[in-house]
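# Topology and contacts: notes
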Amino acid sequence: MPTAVHARTTFSRDGDAPWCRGCGHADVFDVLCRALVASGIRPTDAVVVTGVGCSSLITFQLRSYAMHGVHGRALPLALGVKAANPDLHVVVAGGDGDAFSIGANHLIHTARKNPRLTYLIMDNQSYGMTMGQPSPTNVHGEHHALNALGVLLAAGATFVAQAASWRPDEAEALIGQALGHPGFSVVNLLSPCPTFHHGEGIDGAIGIPLVREIGSEHDLGDRLHALSVAFAEGVPCVGLLYRVERPMYALTEGSALVHEQWEETAILEALLDEHRVVWT
Ligand code: SF4
Ligand code: MG
């Protein structure tokens, strides 16, 4: 494994991180840097695409190509990047609100299509950037909590794992496996928001929360059993829950289409430039 210092100097900008003290997202950022270095991916070969929210601040900290997108729309943006240049390693990062609320439609259909993208969901059960309102995965809100792993399995993701920001070595290993997966790989990262989320469960303010490890006897190709693990009562599970291979979304066709349309795009951009509004 690369040292944290080496990974940070390779993939992280200098200066203070943009997160509150104790935020799980900072730990997720560190393990992403380590997993990228361990996978032999260079900053010039990686693109990280995000939605909007505290988790998406990752793009400002990263020393690599990055795209801070629109709330809930990181997946289609990432698919466009991958279609335009299939050689790039495209990582999508976002929060639980981005993934399971405003972006849920994109998540379901991306999982169904199985493009080669790695999606890191930083799940703190809340909207940290707007002061901690409960998100769809919040188990203490007045509404029934959405089961993140259950949704991913049902939608057809071919690699589904869950990790915890306070267990960095395990999280790094799972992200590394996700980066190498030929298809749509998702790691749901339990990532506490100590500033606003003060309930039980994933709460850095009350100490290190409990998790249960997925047993090695679990068959990674058994989706029904994976669903039963995902829906089991009690503390959240961590580990690799499901991994299969099936045909990936035909990016070569998409890529060819992009390049065919390149000329038309240039004409359109010239027209838009003509009508650009300039603020003085
Ligand atoms: Fe992290 Fe919460 Fe602070 Fe956002 S508000 S940076 S999620 S601790
Ligand atoms: Mg959140």
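Report on the accompanying structure. Not measured: the values here are computed from a predicted model.

Let us now look at the sheet that holds strand 7 (residues 159-164). In spatial order, the strands read 2-1-3-4-8-7-10-9; together these 8 strands make up an open sheet with mixed pairing. Looking at which strands have only one partner, the edges of the open sheet turn out to be strand 2 (65-68) and strand 9 (212-213). Pairing of strand 4 (residues 118-123) with strand 8 (residues 185-190) involves 6 bridges; the strand directions are parallel. From the neighbouring strand, Asp-123 faces strand 8, where its bridge partner is Leu-190. Sheet strands touched by helix 9 (residues 223-231): strand 9 and strand 10 (237-243). Its angle to strand 10, the strand with the most contacts, is close to 160°.

Bringing a nonpolar patch on the surface into the picture now. Where nonpolar side chains cluster on the molecular surface, the patch consists of Ile-267, Leu-268, Leu-271 and Leu-272 and spans about 400 Å² of accessible area. Here Leu-268 is to be found in helix 11 (residues 262-274). A relative accessible area of 49% places Leu-268 in the partly exposed class.

Further remarks concern the packing of aromatic side chains. Given two aromatic rings, their pairing is described by the distance between the two centres and the angle made by the two planes. Within the structure shown, the criterion is met by 2 aromatic pairs. Ring centres 5.9 Å apart and planes at 45° place the aromatic pair Trp-19 and Phe-29 in the tilted group. Of the two residues, Trp-19 sits in the loop between helix 1 (4-11) and helix 2 (24-38) while Phe-29 sits in helix 2, which places them 10 residues apart along the sequence. One exposure class covers both Trp-19 and Phe-29, and it is buried. Between Lys-113 and the ring centre of Tyr-249, over which it is positioned, the NZ or CZ distance is 5.6 Å.

Let's shift gears to the packing of helix 1 against helix 2. Describing two packed helices takes the angle between their axes plus the distance from one axis to the other. Helix 2 packs onto helix 1 with a crossing angle of 90° between their chain directions and a minimal axis gap of 8 Å. When the interaxial angle is binned, helix 1 and helix 2 end up roughly perpendicular. Only Phe-29, Asp-30, Cys-33, Arg-34, Leu-36 and Val-37 of helix 2 make contact with helix 1, whose side of the interface consists of Ala-4, His-6, Ala-7, Arg-8, Thr-10 and Phe-11. Across the contact of helix 1 with helix 2, the residue classes tally to 7 nonpolar, 2 polar and 3 charged.

Conventions and cut-offs
Residues numbered from 1 in each chain as written. Chains lettered and ligands numbered in written order. Predicted model: local features only at pLDDT ≥ 70, side-chain atom pairs only at ≥ 80, totals over all residues. Heavy atoms only, no water. Pairing = 2+ DSSP bridges. Helix = DSSP H or I, 4+ residues; strand = E, 2+ residues; numbered from the N terminus. Contact = heavy atoms within 4.5 Å. Axes fitted to C-alpha atoms, helices over the stretch in contact; angles between N-to-C directions. Patch = residues over 30% accessible without salt bridge, like charges linked within 9 Å, V, L, I, M, F, W, Y side chains within 5 Å. Areas by Shrake-Rupley, 256 points an atom, 1.4 Å probe, with all protein chains shown as cover. Salt bridge = Lys/Arg side-chain N within 4 Å of Asp/Glu carboxyl O. Buried < 20%, exposed > 50% of the residue type's maximum accessible area, 1.4 Å probe, protein only. Phe/Tyr/Trp six-rings, centres within 6.5 Å; stacked < 30°, edge-to-face > 60°. Lys NZ or Arg CZ within 6 Å of the ring centre and 35° of its normal. Parallel < 35°, antiparallel > 145°, perpendicular 65-115°, else oblique. Nonpolar A, V, L, I, M, F, W, Y, C, P; charged D, E, K, R; others polar.

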